[in-house]
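# Observations on the three-dimensional arrangement
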Amino acid sequence: MKIKELYRQLVPRPRTPVTWMRAVPLIFFLVLYAGLCIGLEQSGVLLFARPWAFVLILFSVWVWWLSIAGYGGLSKGRALAALISRLLMLGLFVMLIAEPRSVRVRDVISVVYAVDLSDSIGESSVESALEFVMKTVTEKPQTDEAGLVVFGRNSAVELPPRVSFPYEALNSRIDRDATNLQQTLSLAAAMLPEENRGRIVLISDGTETEGSISQVLDELKSRDIAVDVLPLQYEYDKEVWLETLELPRFVKLGENYEAAVVLSSLKPGSGKLVLRENGQPIYEKEVAFKAGKNRYVVPIYLRSAGYYEYSATIETKRDEDQIRENNTVLNYIFVEGEGKVLVVTDPAGDERDWQPLVKAIQEGERVVETVSAYEFPSDSLSLMPYDAIVFVNVPADAFNVIQLKAVHDSVFNQGIGFMMVGGDNSFGPGGYHRTVIEDALPVTMDITKKKVLPKGALAIILHTCEFPEGNTWGKRITKQAIKVLGAQDEVGVLVYDYMDGEKWLFKLMPAGDYEKMVPKINGAQIGDMPSFANTMQLGLNGLIKSDASTKHMIIISDGDPQPPTPQLLGQFVKNKVSVSMVAIFPHGGQDISSMRGIAGATGGRYYFPSDPNQLPSIFIKESKTLKRSMIQNETITPEVGMISPVLKGIAAIPPLHGYVLSTIKPRAEGVLNAPEKKDAEGEIDPILSFWRYGLGTTAAFTSDLSPNWGADWVNWDHYQAFVKQLMIKISRVQKQDHLKMWSHTSGNKATIMVEDFHPEESFLNVAARISGPHDRQETVVLKQVSPRRYQATVPLWGKGRYQVMSIGKTGDREDHANGGFIVPYSPEFLRFRSNPIVLNQIAERTGGQQLPLDDASEIIYGRRAPKMSSNPIFDWFLIALAILVPLDVGIRRIQLDWYAIKSWFNFGKDDKNSTATMGALLQRKQDVTEEMDSRKGPSDQQNQQSTIAKLQEQRQQATRPPETGKTETKPPDKKSKEPPVSPAGGSEGNQTTTGRLLDLKRRRNSDDDQDQ
């Protein structure tokens, strides 16, 4: 029963007969709607992503039925208008569900050239590939776009697709020791704009050492991106290479051992085999080798403990060996002995900075080695003989990044102790902010706001550097310069963009927002600016607005731009803004003098480095000029913070005459602190602090231990005892472990083996962490392969030095073993022929072609097919719906009095006999009531009509005014015997319609009371 009632509510019975004429509006709407939708899609104006949604338009029949079968009390005109508005809203809603998209057709081809720069590709092949790119780009249609991607192990965008192709030199910095086609094709496809026809031109030898291209080819095919290929052909029929250098696993001093060299060759030949120990030749011999593998044994003798690195090299005639990079292999032996302390000094420093400290360490019965930063080892394996490393007032720019990383890894993985001793070239003023050394130290160079320091502002202007990877160098040294600054210092970078001209890459902002700056620097397009003036003026305006106390500008350029005017240089001098100029490969003496003149006029410095590797140290040195405020030249007496064995037997601590501001890290142990200052209440400046970092202990002494700030300490009775206890605190503890580890490499994999020599045999859970090139780490679990022996195989990720730290656990027992291995050259140098088969597969699966060297531009840009792209346009349809909704409500709910509207504009005559709106509605209600009563029966109808007639008569008698004119009355109903009823909306004197209705209601209530 309920279902039937629900059905009747949804599909009511018609009140009047339904004829086909009443369906004309619906038929007309459906025909027009279908024609409109089909026409829009066929003409290419719109595209509907979900055409099945148009089935919902069938609900228009139900909307039409409700309109003709329902009873809304509307006139025919308004009912038709309401029906049309509802059908339009339904049509728009169905279009929205069908997901309309505007269609755009463009006859533009965007091409991305992907050039292989891996080690297997010779320099001559790279030059030929770039010549091919330039030739085809110059022959392309003017409206088409071209971009450039270079790749090896990783990929980088040289130029995004654009109509112009401003190529000058390769600036991207990539790792060339592998080939990753998958990443390259993905990056190239991502650079192609969706609205254009996309194409990739792959120039490679087809070798793939990393990744897998099968998945990316399916993606390219689905996006209709064809890959055209240009094979770089080569084949080496004569090649000699060294595979491995085998050294003994465990050695004892004073005994003879053997080193074995494995040599391979494609053809028989001869050459000289040389074995070197720590760089010095210890064996040379002419050898003859056959095709295939050859093994040679060389005697070695170890005289003292330490780290021994061996290199074996085969020297052959040039015509018998075409690749020289694979002619050398490396390996090492570490013989444990008495631990030593390595003191690292500033090459440009004063010997008095470290001599008292070195003497005190020696008096503490420690072996000390002193080296300058330039002589410091570049790998962590070379640091294994040392128990502790001490930096004595040495700046960060005296090292390279690899050396600092070696210190970090030796502390974290090998447990070697590390301490930095203060001075004006240490900690923040020394440029260690945001470096791996800061990560290892127990203090940070960021200064809290309570330690009020004068703020500095630095503006860096980058000009395109026309040398290999020049722009990459510029971006890298910019980031390193920003790292040196304090969090409160401001920094901004300006560039000349090919599209926008001189502009701020980002305006002056706190250096603490370094993470926000990095993406902007990495994505910068650095162009060849025509003049220094505009960029310098832009930078000066920004520096003038800054409230920094020290303002500085650094410009790196090749000297091409026109020099600034004397008036502009005068503005720099007036606002106390110094400018340092860094000239990189300038084009003439005039360029050099111009840049030198700018630096001299503004009080800056001029640099003319001959090697790009000097750039990072220059930028760090310049940034350090803003850090001098961190040096506190005041006399203090350190206060004891936490009790430590370092202070054992020490009752009173002498004063210090200066220190470097820093902030102690959470969980660090603050042993000595500077007295708390009133203007920085709650903030403590650490003098001596420790913490545990990885397997090692690090310390920070923010003052110095020399006759400068520490003059009273050098002459202190407890100075030698303090230094001895300090070295004991941080030095690596030589622990007798029962695990021994060795490793060897084969091809692109390394095998790690760990053997347990514990007196009691037990099963161990053994894991190893491998740290290698590219700052990458891997952790592997070693499986037991035999009693007490555990093994794992690890894929390698490039040439370089790998450090391995293994740990074995069972119950309460925990043992460690350290080791490593060296991959001397890239696996790319073991490929002696190209692989065009892979390139052909790429072209076939994506719909591309193999390109010839000549007339390739016609093939690349000649295969044209306009690209149709679409964008969603939901917003316009939603706006149309938002307009129709109130319109539909207005049609159904608002009744317009056209007589009143005409009277506003003085149209027609003032008709006093016009029917009021409310009266017309009452009359309509009465007609409907009479019709419903006629259906119920004659008796009810007569009684109801009699009652209505009486009420009407009473109302007329009560409201009839004195006779002032004639009034119109409705003619009586012919079917009714009752007296005629006066229309409700007629003119009834001066009484209003509302008054008449209230009077009628009162009389009706009175009659009801009498009947009761």
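The preceding data block contains the structure.
### Here's the deal with the packing of aromatic side chains
Following the criterion strictly, the structure yields 23 aromatic pairs and no others. Plain terms: the ring middles of W691 and Y693 are 6.1 Å apart, the flat faces sit at 20 degrees to each other, and that makes the pair stacked. Across this residue pair, the class does not change: W691 and Y693 are buried. Their ring planes at 65 degrees and their centres at 5.6 Å tell us that F701 and W713 sit as a pair that is edge-to-face. With F701 in strand β32 (residues 696-701) and W713 in helix α17 (residues 711-714), this pair connects stretches of sequence that are twelve residues apart. The exposure class assigned to F701 is buried, which follows from its relative accessible area of 0%. A residue is classified by how much of its surface remains accessible, and W713, at 1% relative accessible area, is buried. Three or more aromatic residues joined by ring pairs make a cluster, and in this case those are F376, F391, F399, F418 and Y432. Residue placement shows K729 over the ring face of F690; its charged tip is 5.4 Å from the ring centre.

### Some thoughts on a nonpolar patch on the surface
On the surface, L6, L10, F59, W62 and L66 cluster together to form a nonpolar patch covering roughly 460 Å² of accessible area. It is helix α3 (residues 59-69) that contributes the most residues to the nonpolar patch, three residues altogether. Following the sequence through the fold, L10 ends up in helix α1 (residues 2-10). Classification of L10 as partly exposed rests on a relative accessible area of 42%.

### With respect to the environment of S786
Relative to the helices and strands, S786 is located in strand β36 (residues 776-786). The spacing of S786 and E755 is 31 residues in sequence and 9.6 Å in space, taken between C-alpha atoms.

### Comments concerning the sheet that holds strand β16 (residues 367-372)
As summarised here, the arrangement of the eight strands in space is β16-β15-β17-β18-β32-β31-β30-β27, forming an open sheet in which the pairing is mixed. Of all the strands in the sheet, just β16 and β27 (639-640) have a single pairing partner and so form its edges. As paired strands, strand β15 (residues 340-345) and β16 are joined by six bridges and run parallel to one another. Across the sheet, the residue bridging to L342 is E369, located in β16. Contacts between helix α8 (residues 355-363) and the sheet are confined to β15, β16, β17 (386-392) and β18 (417-421), with β16 contributing the most and set at about 155 degrees to the helix.

### Topic: the environment of L74
Structurally, L74 can be placed in the loop between α3 and α4 (76-97). Among residues more than four places away in sequence, those in contact with L74 are A79, A82, I891 and R892.

### Some details on the sheet that holds strand β5 (residues 155-162)
Strand pairs in the sheet, formed through backbone hydrogen bonds, run parallel or antiparallel to each other. Across the sheet, five strands lie side by side as β5-β4-β3-β6-β7; this open sheet has mixed pairing. On the outer flanks of this sheet lie β5 and β7 (226-231), each paired with one strand and no other. Mean inter-strand twist for the sheet, computed between neighbouring axes without regard to direction, equals 15 degrees. Alignment of strand β3 (residues 109-116) against strand β6 (residues 197-204), held across seven bridges, turns out to be parallel. The residue bridging V115 from the neighbouring strand is I203, located in β6. Strands in contact with helix α5 (residues 123-138) are β3, β4 (145-151), β6 and β7; relative to β3, the strand with the most contacts, it is inclined by about 170 degrees.

### Description of the pairing of strand β21 (residues 490-497)
Counting buried residues along β21, eight of its eight residues qualify, which places the element largely inside the surrounding structure. Residues of β21 alternate between two faces, with E490, G492, L494 and Y496 on one and V491, V493, V495 and D497 on the opposite face, all of them buried. Pairing between strand β20 (residues 456-462) and β21: six bridges, direction parallel. In the strand pairing of β21, A457 is matched with E490. Pairing geometry for β21 and strand β22 (residues 501-510), over seven bridges, is antiparallel. Paired with V491 across the bridge in β22 is M509.

### So, the packing of helix α13 (residues 532-545) against helix α14 (residues 566-574)
The description of two packed helices rests on the angle between their axes and on the distance between the axes. Where α13 contacts α14, the two axes come as close as 11 Å, and the packing angle between them is 25 degrees. By the angle between their directions, the pair α13 and α14 is classed as roughly parallel. Of the two possible hands of crossing, α13 and α14 adopt the one that is left-handed. In contact with A533, M536, Q537 and L540 of α13, α14 contributes L568, L569, Q571 and F572.

### Topic: α13
Over its 14 residues, α13 extends 20 Å from the first C-alpha to the last, a length consistent with the 20 Å expected when each residue adds 1.5 Å. All of the buried residues along α13 are F532, A533, T535, M536, G539, L540, G542 and L543.

### Considering the environment of D346
With respect to the helices, strands and loops of the structure, D346 is situated in the loop between β15 and α8. Judged by relative accessible area, D346 falls into the buried class, the value being 10%. Put simply, D346 and V371 are 25 residues apart on the chain and 8.9 Å apart in space, counted from C-alpha to C-alpha. With residues near it in sequence (within four places) discarded, D346 still touches W354, V392, N393, V394, P395 and N425.

### Focus: the side chain of S85
Position of S85 relative to the elements: it lies in helix α4. Residue contacts for S85: discarding those within four places in its chain leaves D888 and I891.

Each value, and the rule that gives it
Residues numbered from 1 in each chain as written. Predicted model: local features only at pLDDT ≥ 70, side-chain atom pairs only at ≥ 80, totals over all residues. Heavy atoms only, no water. Phe/Tyr/Trp six-rings, centres within 6.5 Å; stacked < 30°, edge-to-face > 60°. Buried < 20%, exposed > 50% of the residue type's maximum accessible area, 1.4 Å probe, protein only. Helix = DSSP H or I, 4+ residues; strand = E, 2+ residues; numbered from the N terminus. Lys NZ or Arg CZ within 6 Å of the ring centre and 35° of its normal. Patch = residues over 30% accessible without salt bridge, like charges linked within 9 Å, V, L, I, M, F, W, Y side chains within 5 Å. Areas by Shrake-Rupley, 256 points an atom, 1.4 Å probe, with all protein chains shown as cover. Salt bridge = Lys/Arg side-chain N within 4 Å of Asp/Glu carboxyl O. Pairing = 2+ DSSP bridges. Contact = heavy atoms within 4.5 Å. Axes fitted to C-alpha atoms, helices over the stretch in contact; angles between N-to-C directions. Parallel < 35°, antiparallel > 145°, perpendicular 65-115°, else oblique. Left-handed = near helix turned anticlockwise from the far one by under 90°. Expected span 1.5 Å × (residues − 1).

Purely spatial values, then, with no claim about function.
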